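Notes for the structure review
Each chain, letter by letter, is given below.
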Amino acid sequence: FFIDSSIEYEEDGAGENISKGVLPGACPIKLYAVTLCENEGCFHRECKAGFCLCKPDFIGENCEHSLISGTRYLPEVDPTQSPSACQRSMQYEALVSEFDSLLEERQHPLEWDADSIFHLSLNDTSGFGVTLHLISQAMSKAIRQNRTTVMHGKWSYFRHRACLSRGARQDLTCYFQPAHRDCPSELISETTSKAEFTANFQLDNDWHIPHMFNVSGGGTFFWVSQLSRFLMTPNRRMEALIRRVKRSIGYMHPIIGVHVRHGDSCPKWEDKHSHLPGAKCEKFERYLAEIAEVSAKYGTNNVFICTDDPGVIAQLPEHPHYNFVHVDFDRGVFAASDWAIELKLLMATMDRRLVVETTLLDILLLAETDYLIGTLSSHFGSLAYELSAAFKGYHPPYISLDYAWRGSLLAPIQNYHLQKNQTVGVRELNPARRDTRNAWSG
C-alpha cells in the first residue's frame, strides 16, 4: 500500500465536500413534554414551542424584564436552571453566529485600501469603560459604512514596558484578541488626517444597529454587548493572568460580583457635572443589604468585591458570614491625589501596568460572577454586565443601585437595513441625557 503525499486526498473519501463536523441537535425532547407558557402569560411577546419568545431587549421566563429600563432582575429560578434555558441558548447562538460572520467580514478584509479604513485615534482617551463604549459606537458606524475600524494611537492604559515584550503592542492587543488584521503602516499614515477621536465621537454620532438583530433574543443590548465581547476576548496572556489570580484569591462559583463605586467619579455626582443627573456613590451598607438579598435568594455566600476604596476592603472582616475575595493590591494609590486616574496615567504618576491589569481583572472577574450588584450608570459596571451576558449566552441576575443599563448609552440609536443602508428608526433610549429624543422617528 502506497500513499502519494503529493496528492491532496478528499477528506470525506467520496470526492465531495460534504463534511459537517459536529452539529448540535434540538433540545432534549423532555423539555417539550410540559407546556412552559401560555400566550396570556407572556409579557411583551407570544408563546412559541413551549416558551415565551421575547421582544428585543426583554428577558425573563415570561419576558417580564426590560434590559433598557429595569434596574433589578432577580428571577425566581436561576437562569441556568430555567425550563427554557436550552431553547433560549440555541436562539442566542444563532444570532451570535450572524454577528460573528458580519464582524469577520468587516474587520478582517482580504485586501486593504484607504477608502475602506475607518481610522480611530486613541490619543485622547477617557476612562477605560467609557472609551470601550466609544470604540464600540465608532465600530457600529464603520460597519454601516462597510469599512474596517483601525485603532491607532497612544492609549495611556497600555503604555508600559510589558506591552512591548514578546512582540506585543501598546494597545488592546496586549491583553485581548486583535480587533482587526494588521493594517499597512502607509495606509495608517494616509488616513491619519481623517481620523476620528474617541473623546468627541458621541457628541456628533449615533449608534448604528442592523435591523436584522432587532429580533427576539436580540436588540440594542445584544448588539452593544457583542461588540464589547469582540473587543475584550482575552488572549493567552490575559487568560493566564486570570487563572493565576483566581487561584490565589480563592475565587469559587457560585459567586456574587459586587462593584462598589467609590472612585474618582464620585465628586462628579456631587458637583452635578454628570451626564446622569441624580446618580451618586452609595455607602457600602447599601451594597451589603443587596448582597444579603441575593445571597438568601440563590444560596451562596461567596462574594467577589471590586472597588478602588481601601476603606471598603478594610470593612470586609466585619462580615465573616460572607466569603469575600478581591484582587489584592494597594488601593491607596488611587486616593493619593484629587486628579482623575486618566490624568495620572497620562502624566505617568501611577504604575500604568498596575492600573490596567487591576482594571481588566476586576471587569473580567465581575463578568464571570453568577450574580452582579453595582451601578449601571457606570461604564465600568455596565461593561462588566455586557461581557457577562455575552460570554455566558444568557442574562445573569443583577441589581443596579441607580440607573438602568441604558444610562451608559451616550447617543441615540439608529436601526437600519444592512443591505439597503436605509434607516428604519431613530430612538433616544436614555431619558436622562440632556439632549434627549424620546420618540421613534422614521
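What comes next is a walk through the structure. Bear in mind the structure is a predicted one, so any value in this text is a computation, not a measurement. (Residues numbered from 1 in each chain as written. Predicted model: local features only at pLDDT ≥ 70, side-chain atom pairs only at ≥ 80, totals over all residues. Heavy atoms only, no water.)

1. Some details on the overall build of the chain
What the chain contains, in helices and strands, is twelve helices and 16 strands. For the chain, with 442 residues in total, the buried portion stands at 52%. Contacts in the chain between residues at least 24 apart in sequence constitute 72% of all its contacts with a sequence separation of at least 6. (Helix = DSSP H or I, 4+ residues; strand = E, 2+ residues; numbered from the N terminus. Buried < 20%, exposed > 50% of the residue type's maximum accessible area, 1.4 Å probe, protein only. Contact = heavy atoms within 4.5 Å.)

2. Examining the packing of helix 11 (residues 352-368) against helix 12 (residues 379-392)
For the pair helix 11 and helix 12, interaxial distance at closest approach is 7 Å and the crossing angle is 50°. Judged on the interaxial angle alone, helix 12 and helix 11 are oblique. In terms of crossing hand, the pair formed by helix 11 and helix 12 is right-handed. Contact residues: T359, D362, I363, L364, L366, A367 and E368 in helix 11; F380, L383, A384, L387, S388, F391 and K392 in helix 12. When the residues that make up the contact of helix 11 with helix 12 are grouped by side-chain class, the tally is nine nonpolar, two polar and three charged. (Axes fitted to C-alpha atoms, helices over the stretch in contact; angles between N-to-C directions. Parallel < 35°, antiparallel > 145°, perpendicular 65-115°, else oblique. Left-handed = near helix turned anticlockwise from the far one by under 90°. Nonpolar A, V, L, I, M, F, W, Y, C, P; charged D, E, K, R; others polar.)

3. As for the sheet that holds strand 13 (residues 371-374)
The strands making up a sheet associate through hydrogen bonds between their backbones, and the pairing can be parallel or antiparallel. Taking strand neighbours across the sheet as the criterion, the six strands line up as 5-14-13-10-11-12 in an open arrangement whose pairing is mixed. Looking at strand neighbours, the two that pair on one side only are strand 5 (72-73) and strand 12 (323-325), the edges of this open sheet. Both strand 5 and strand 14 (residues 398-400) contribute to a ladder of two bridges, which runs antiparallel. Its bridge partner lying in strand 14, R72 is registered against I399. In the packing of helix 8 (residues 284-298) onto the sheet, contacts are made with strand 5, strand 10 (256-260), strand 11 (302-307), strand 12, strand 13 and strand 14, and the angle to strand 10 comes to roughly 170°. (Pairing = 2+ DSSP bridges.)

4. A closer look at the nonpolar core
Side chains that are nonpolar tend, in soluble globular proteins, to be buried together. By size, the foremost hydrophobic cluster in this structure holds 83 residues, and its most contacted members are F128, F158, L172, L231, M232 and F304. For this core, the element with the highest residue contribution is helix 11, accounting for nine residues. Ignoring anything within four residues of it in the chain, the contact list for F158 reads F128, C163, Q170, D171, L172, C174, Y175, V356 and L360. Ranked by size, the runner-up nonpolar core spans 21 residues in total, among them L74, I256, I313 and I373. (Core = buried A, V, L, I, M, F, W, Y, C linked by side-chain atoms within 4.5 Å.)

5. A word on the packing of aromatic side chains
What the rule picks out here adds up to 18 aromatic pairs. Measuring from centroid to centroid gives 5.5 Å for F99 and W223, while their planes differ by 80°, and the two rings are edge-to-face. Residue F99 is found in helix 1 (residues 85-107), and its partner W223 is found in helix 5 (residues 220-231); the two are separated by 124 residues along the sequence. Here F99 falls in the buried class, since its relative accessible area comes to 0%. Feature note: the residues Y73, F221, Y385, Y398 and W405 constitute an aromatic cluster, connected by ring pairs. (Phe/Tyr/Trp six-rings, centres within 6.5 Å; stacked < 30°, edge-to-face > 60°.)

6. Focus: the side chain of D78
Tracing the chain through its elements places D78 in the loop between strand 5 and helix 1. Buried and unpaired, D78 has no salt bridge, with K392 as the nearest side chain of opposite charge at 9.9 Å. (Lys, Arg positive; Asp, Glu negative; His and termini not counted. Salt bridge = Lys/Arg side-chain N within 4 Å of Asp/Glu carboxyl O.)

7. Brief notes about the packing of helix 6 (residues 236-249) against helix 11
Orientation of helix 6 relative to helix 11, taken along the N-to-C sense of each, is 75°, at an axis distance of 11 Å. By the angle class used here, helix 6 and helix 11 are roughly perpendicular. Across the interface between the two elements, R237, M238, L241, I242, V245 and K246 of helix 6 pack against R353, E357, L360, L361, L364, L365 and E368 of helix 11. In terms of residue class, the contact of helix 6 with helix 11 is built from eight nonpolar, no polar and five charged.

8. A closer look at the pairing of strand 13
Neither face of strand 13 is left uncovered, since the one carrying Y371 and I373 and the one carrying L372 and G374 both have all their residues buried. Examined bridge by bridge, strand 10 and strand 13 share three bridges and lie parallel to one another. For I256, the partnering residue across the bridge sits in strand 13 and is Y371. Of the strand pairs in this sheet, strand 13 and strand 14 are connected by three bridges, and their pairing is parallel. The partner of L372 across the bridge, within strand 14, is Y398. With helix 12 bridging strand 13 and its parallel neighbour strand 14, the resulting β-α-β unit is right-handed. (Right-handed = clockwise from strand over helix to strand, strands pointing away.)

9. A closer look at helix 2 (residues 128-144)
For helix 2, which comprises 17 residues, the first-to-last C-alpha distance of 25 Å matches the rise-based estimate of 24 Å (1.5 Å per residue) to within 8%. Counting buried residues in helix 2 gives 17 out of 17 residues, a clear majority hidden from the surface. Following helix 2 by one or two positions, N146 has its phi on the positive side, about 60°. (Expected span 1.5 Å × (residues − 1).)

10. Side note on the environment of L401
Tracing the chain through its elements places L401 in the loop between strand 14 and strand 15 (413-417). Expressed as a C-alpha distance, the spacing of L401 and G374, which sit 27 residues apart in the sequence, is 6.1 Å. If near-sequence neighbours (up to four positions away) are discounted, L401 is found in contact with E282, R286, Y287, E290, I373, G374 and T375.

11. A look at the pattern of salt bridges
Counted by the stated rule, this structure contains nine salt bridges. Salt-bridge contacts for E293 lead to R72; the nearest nitrogen and oxygen are separated by 2.6 Å. Separated by 221 residues along the polypeptide, E293 in helix 8 and R72 in strand 5 bring together distant segments of the chain. Its relative accessible area of 36% is what places E293 among the partly exposed residues.

12. Considering a negative patch on the surface
Residues E111, D113, D115, E186 and E190 make up a contiguous surface patch of negative charge. Counting through the fold element by element, E186 comes out in helix 3 (residues 185-191). Residue E186 is classed as exposed on the basis of its relative accessible area, which comes to 54%. (Patch = residues over 30% accessible without salt bridge, like charges linked within 9 Å, V, L, I, M, F, W, Y side chains within 5 Å. Areas by Shrake-Rupley, 256 points an atom, 1.4 Å probe, with all protein chains shown as cover. Charge placed at Lys NZ, Arg CZ, Asp CG, Glu CD.)

13. A word on the sheet that holds strand 8 (residues 196-197)
Taking strand neighbours across the sheet as the criterion, the three strands line up as 7-6-8 in an open arrangement whose pairing is parallel. The sheet is open, and its two edges are formed by strand 7 (148-152) and strand 8, each paired on a single side. Packed onto the sheet, helix 2 meets strand 6 (117-121), strand 7 and strand 8 and runs at close to 165° relative to strand 6.

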